[in-house]
Amino acid sequence: MKRVVITGAGTINALGHNVPDTLEAMREGRCGIRELEFRDVDRLSIRIGGQVRDYDPEARFNRQQMALYDRFTQFTLIAAREAIAQAGLVFSGELAARAGVVLGNSGGGMTTLDENYRSVYEDGKNRVHPFVVPKLMNNAAASHVSMEFNLKGPSFTVSTACASSNHAMAQAFQMVHGGMTPVMVTGGSESMLCFGGVKAWEGLRVMSKDGCRPFSANRNGMVQGEGAGIFVFEEYEHARARGAEILAEVAGYAMSSDAADIVMPSKQGASRAIKGALADARLNLSDVGYINAHGTGTAANDKTESAAVADVFGAHADRLMISSTKSMHGHLIGGTGAVELLACIMAVRDGVIAPTIGYQEPDPECALDVVPNVAREADVNVALSNAFAFGGLNAVLALKRFA
Amino acid sequence: MSSIKDRVIGIIAEQAVLDPSDVTMDSTLEDLGIDSLGLVESIFAIEEEFDVSVPFNANEPEASDFDISSVASIVAGIEKLIAEQS
């Protein structure tokens, strides 16, 4: 089997419009969650989120592109441009024929749906723009990345709610690991921060009105974010031969299904995914120094996840660090694992552990070292990234310092 | 028109797939087999029926003064909300 390394990373999210700005915000424990700004926000009871700010799509895309790109596709392309530029790859010939793009996404073009439903239902119009369908389809982002960068290998979108990106990256890893292709572009994106998107979430009554406080006893729900995280996964020898800078090694992954409940998480399902990722990566429990938690800030997730980690790691659970960066960038749903993988790269490459901000009161049911409020320097060789989705679909990735 | 109590019991009975006569004032939702999703659905149905907003967050059910511990407490909570909003 081939070793798989990360040679490029890109992002845009509430913390920054690129990787360096995002990592700096994580190091400083900055919060990107603010009052939401979009049409009809006054009709929502949930009015906060991790929105991408100071964003001018017209500075990035021309008129023809704007007509075809929903916000989630725009974010994806911005992040992909950064990641592929960093990797320094140009896709042509044999490499282009084999390299593909597998992305996670849950909602598709929610803003496009929202605007066009409004136009036909509320405004009573009988005509919509011809590109509504190609704009809103879940695979639009993956397709546009393939077109912009000439990726002609296996490309598709994975949709497993909050685990979409982790499932996508696990799939991309497997393709490179198994020798199907030397390079895959992967990650995910989401943009549900529009009236209809937030209204739908409001209905479930799991959203916080005042902030995301994962693992804190006074947490009261999740806060949504938006954006994208994109990576270049490359076969090690391929990267080495061209002298590419290696950010981290992807060591393994596992997926599991709770087969239990459509919204309530399961300790067993989470535990099996964590254990499976370590087994796949041939790592010991004691190798793990950091876990980027799913850590949504809901009552149910955080206590279930803490119990799963305590169960799997036993005594070592008290020696590892676990944090939820959703406290800073919000929950990017189908894109969340991708942005969170950046925190894992920062842990193994830079030795900096992103904090769980908003942490106010210890919860005996989440009695782990959650790196409260302030980032920490630590020597970490292995980091895990957890994602446990609605529908009971779990995917955990293991990242290793490249050595 | 039937009383607030009967209408709330009707909604809860429908959610629990029970006859309204089997839903007593001292029943808890758990007794009736209503889980967290069923609870959120029941609250939605109650809001629609009475045109009120029930301050309920599934993450902190005890934090609002809307008490869901029994059918009686739910009925009392709805009566109070209706009185406040009228």
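Details of the structure are given in the entry above.
Source: prediction; values computed, not measured.

A.B. asks: Would you take a moment to explain the overall build of chain B for this structure?
C.D. replies: Along its length, chain B carries three helices and zero strands. Overall, chain B is about 35 × 30 × 20 Å in size when its C-alpha atoms are taken along their principal axes. When the 86 residues of chain B are sorted by exposure, 41% land in the buried category. A total of about 4,800 Å² of accessible surface is found on chain B, and carbon and sulfur atoms cover 51% of it.

A.B. asks: I tried to follow helix 13 (residues 299-313) of chain A on my own but got confused; where do I start?
C.D. replies: Along an α-helix, a turn takes 3.6 residues, which lines up residues three or four apart on a common side. Residue and element names in this part refer to chain A. Compared with the 21 Å implied by 1.5 Å per residue over 15 residues, the 22 Å span of helix 13 between its first and last C-alpha is a close match. All buried positions along helix 13 are accounted for by Ala300, Asn301, Asp302, Thr304, Glu305, Ser306, Ala308, Val309, Val312 and Phe313. Just downstream of helix 13, Gly314 is the residue with a positive phi angle, here 55 degrees.

A.B. asks: I tried to follow the nonpolar core on my own but got confused; where do I start?
C.D. replies: Nonpolar side chains in soluble globular proteins tend to end up buried together. Residue and element names in this part refer to chain A. In this structure, Ile6, Met26, Phe231, Phe233, Tyr290, Leu341 and Leu399 are the most contacted members of the largest nonpolar core, which totals 47 residues. No other element matches the ten residues that helix 15 (residues 336-350) contributes to this core. Within the second largest apolar cluster, 33 residues are counted, among which are Ile78, Val183, Val185 and Ala228.

A.B. asks: How should I be thinking about the interface of chain B and chain A in this particular structure?
C.D. replies: Buried accessible area, meaning the area lost when the parts come together, often serves as the stated size of an interface. Taken residue by residue, the interface counts eleven residues in chain B and twelve residues in chain A. Summed over both partners, the interface of chain B with chain A comes to about 910 Å²; 46% of that surface belongs to carbon and sulfur atoms. A per-residue breakdown of the area chain B buries against chain A is headed by Leu37(B), Val40(B) and Asn59(B), which together make up 53% of the total. There are one salt bridge connecting chain B and chain A. Residue Glu47(B) is joined to Arg205(A) by a salt bridge in which the shortest nitrogen-to-oxygen separation is 2.5 Å. For the pair chain B and chain A, the number of links is nine residue pairs in polar contact (both at pLDDT 80 or more). In terms of residue class, the side of chain B that touches chain A is made up of six nonpolar, three polar and two charged.

The rules behind these values
- Residues numbered from 1 in each chain as written.
- Chains lettered and ligands numbered in written order.
- Predicted model: local features only at pLDDT ≥ 70, side-chain atom pairs only at ≥ 80, totals over all residues.
- Heavy atoms only, no water.
- Helix = DSSP H or I, 4+ residues; strand = E, 2+ residues; numbered from the N terminus.
- Buried < 20%, exposed > 50% of the residue type's maximum accessible area, 1.4 Å probe, protein only.
- Areas by Shrake-Rupley, 256 points an atom, 1.4 Å probe, with all protein chains shown as cover.
- Expected span 1.5 Å × (residues − 1).
- Core = buried A, V, L, I, M, F, W, Y, C linked by side-chain atoms within 4.5 Å.
- Contact = heavy atoms within 4.5 Å.
- Buried area = accessible area lost by both parts, 1.4 Å probe.
- Salt bridge = Lys/Arg side-chain N within 4 Å of Asp/Glu carboxyl O.
- Polar contact = N/O pair within 3.5 Å; in protein donor to acceptor, adjacent residues only side chain to side chain.
- Nonpolar A, V, L, I, M, F, W, Y, C, P; charged D, E, K, R; others polar.

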